[in-house]
Amino acid sequence: MPSLRVVAQRSELAGVATQPDRPSGRGHRLTPSPVKSAALALGARVLEPVNLRAFAQEIASESFDLFVLASYGRVLPQSLLDVPALGALNVHPSLLPKYRGATPIQSAIARGERETGVSIMLMDAGLDTGDLVLQERVAIEPGETYGELHDRLARTGAELLGTALDLAARRALPREPQRGEATVTRPLTKDDLVVDLSWPVERIVDAVRAFAPQPGARAQLGGETVKILKAHAGEGGELVIDELIPPNRGRMTGADYLRLRGSSS
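Since we're looking at a predicted model, the values are computed, not measured.

Student: For this particular structure, what's the right way to read the overall build of the protein?
Tutor: Of the regular secondary structure elements, the protein holds 8 helices and 14 strands. Seen through its principal axes, the protein has C-alpha atoms that stretch 70 × 45 × 30 Å. For the protein, with 265 residues in total, the buried portion stands at 42%. In the protein, of all internal contacts separated by at least 6 residues, the share reaching a separation of at least 24 is 55%. A total accessible area of about 14,600 Å² is found for the protein, and carbon and sulfur atoms account for 50% of it. Of the charged side chains in the protein, 31 are positive and 32 negative; the average position of the first set lies 4 Å away from that of the second.

Student: So what exactly am I meant to see when it comes to the side chain of E224 here?
Tutor: Along the polypeptide, E224 turns up in strand 12 (residues 224–233). We classify E224 as buried; its relative accessible area is 15%. Here the side chain of E224 touches Y257 through a polar contact of 2.8 Å, side chain to side chain.

Student: What am I meant to see in helix 6 (residues 146–169) here?
Tutor: In an α-helix, one full turn covers 3.6 residues, which means residues spaced three or four apart are oriented alike. The terminal C-alpha atoms of helix 6, which comprises 24 residues, lie 34 Å apart, in line with the 34 Å expected from a rise of 1.5 Å per residue. Looking at the residues trailing helix 6, positive phi occurs at R171, about 55 degrees.

Student: Explanation requested: the side chain of D206 in the structure shown.
Tutor: Looking at the element boundaries, D206 is found in helix 7 (residues 201–210). On the basis of relative accessibility, which here comes to 6%, the residue D206 falls in the buried class. A polar side-chain atom of D206 sits 2.8 Å from a polar atom in the side chain of R209. Ignoring any residue separated from it by four or fewer positions in sequence, one finds D206 in contact with I109, A110, G112 and R114.

Student: How do you make sense of the nonpolar core when you look at a structure like this?
Tutor: The nonpolar side chains of soluble globular proteins are, as a tendency, buried together. Among the nonpolar cores identified, the biggest contains 43 residues, and L89, I120, V133 and L173 are the most heavily contacted of them. It is helix 6 that contributes the most residues to this core, 10 residues altogether. Not counting residues within four places of it along the chain, the set of residues in contact with L173 comprises L89, L122, V133, A164, L167 and A168. Counting 18 residues, the second largest nonpolar core, distinct from the first, contains F64, F67, Y72 and V83.

Student: I would appreciate a short explanation of the pairing of strand 5 (residues 67–70) in the present structure.
Tutor: Across a regular strand the side chains alternate sides, sitting on one face of the sheet and then on the other. Because side chains alternate across strand 5, one face comprises the buried residues F67 and L69, and the other comprises V68 and A70, none of which is buried. The pairing of strand 5 with strand 6 (residues 88–92) spans 4 bridges and is classified as parallel. Residue F67 lies in a different strand from strand 6, and its bridge partner there is A88.

The rules behind these values
Residues numbered from 1 in each chain as written. Predicted model: local features only at pLDDT ≥ 70, side-chain atom pairs only at ≥ 80, totals over all residues. Heavy atoms only, no water. Helix = DSSP H or I, 4+ residues; strand = E, 2+ residues; numbered from the N terminus. Buried < 20%, exposed > 50% of the residue type's maximum accessible area, 1.4 Å probe, protein only. Contact = heavy atoms within 4.5 Å. Areas by Shrake-Rupley, 256 points an atom, 1.4 Å probe, with all protein chains shown as cover. Lys, Arg positive; Asp, Glu negative; His and termini not counted. Charge placed at Lys NZ, Arg CZ, Asp CG, Glu CD. Polar contact = N/O pair within 3.5 Å; in protein donor to acceptor, adjacent residues only side chain to side chain. Expected span 1.5 Å × (residues − 1). Core = buried A, V, L, I, M, F, W, Y, C linked by side-chain atoms within 4.5 Å. Pairing = 2+ DSSP bridges.

In structure tokens, the structure reads:
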């Protein structure tokens, strides 16, 4: 929770809003979000709104200078955005207007991008369409997975957010409209995770990276659907599967899987 820690360190944290507890695990026990757990550890007031328009009415009489959002997962209505005096900042892991929406990191990796970044924007009621405050470009490292890039961008975003908070405290937030061709991403479906092993090797490797470590790319191999966690192009340009999970088994190397399939045939 790098952004939450930065806000707690550099401002008076009036409250932390997060998704309500949800069933999790085999027992479907109600489990708090990681954000809630982190907020409670900080001694912060936790808010778990279900209806955002009703929530806006509930807190309208309170005095807030600024809202900060990071991976909240819901579009805020204008009535809620109007509550804080200075507006609402969003930490978004792409170079807006490119890769707006739900899956900017996965989309950038899957499409073979070699660069992405973080945008701090002042939110409006659209989907990641607000004015830009700050941006920082970040190179995508060769072989970097979604999980690795996500964590790195979270740290970069928190640092950039710290700068934005300092500017907000001086009432000096810059803002300029987004420019360039906009692209919009959407939540992943099961179909998005399917990799066709007849694709070019680079496309397969990028797709595997985009969905690792979770939820994992799926492919038909040896007559069954496996989850591929790591792959690369060999010296001759061939696909090399480094790590996968077959049905009803644990993780194993691609070589071990081929030996297992060979011994059972």
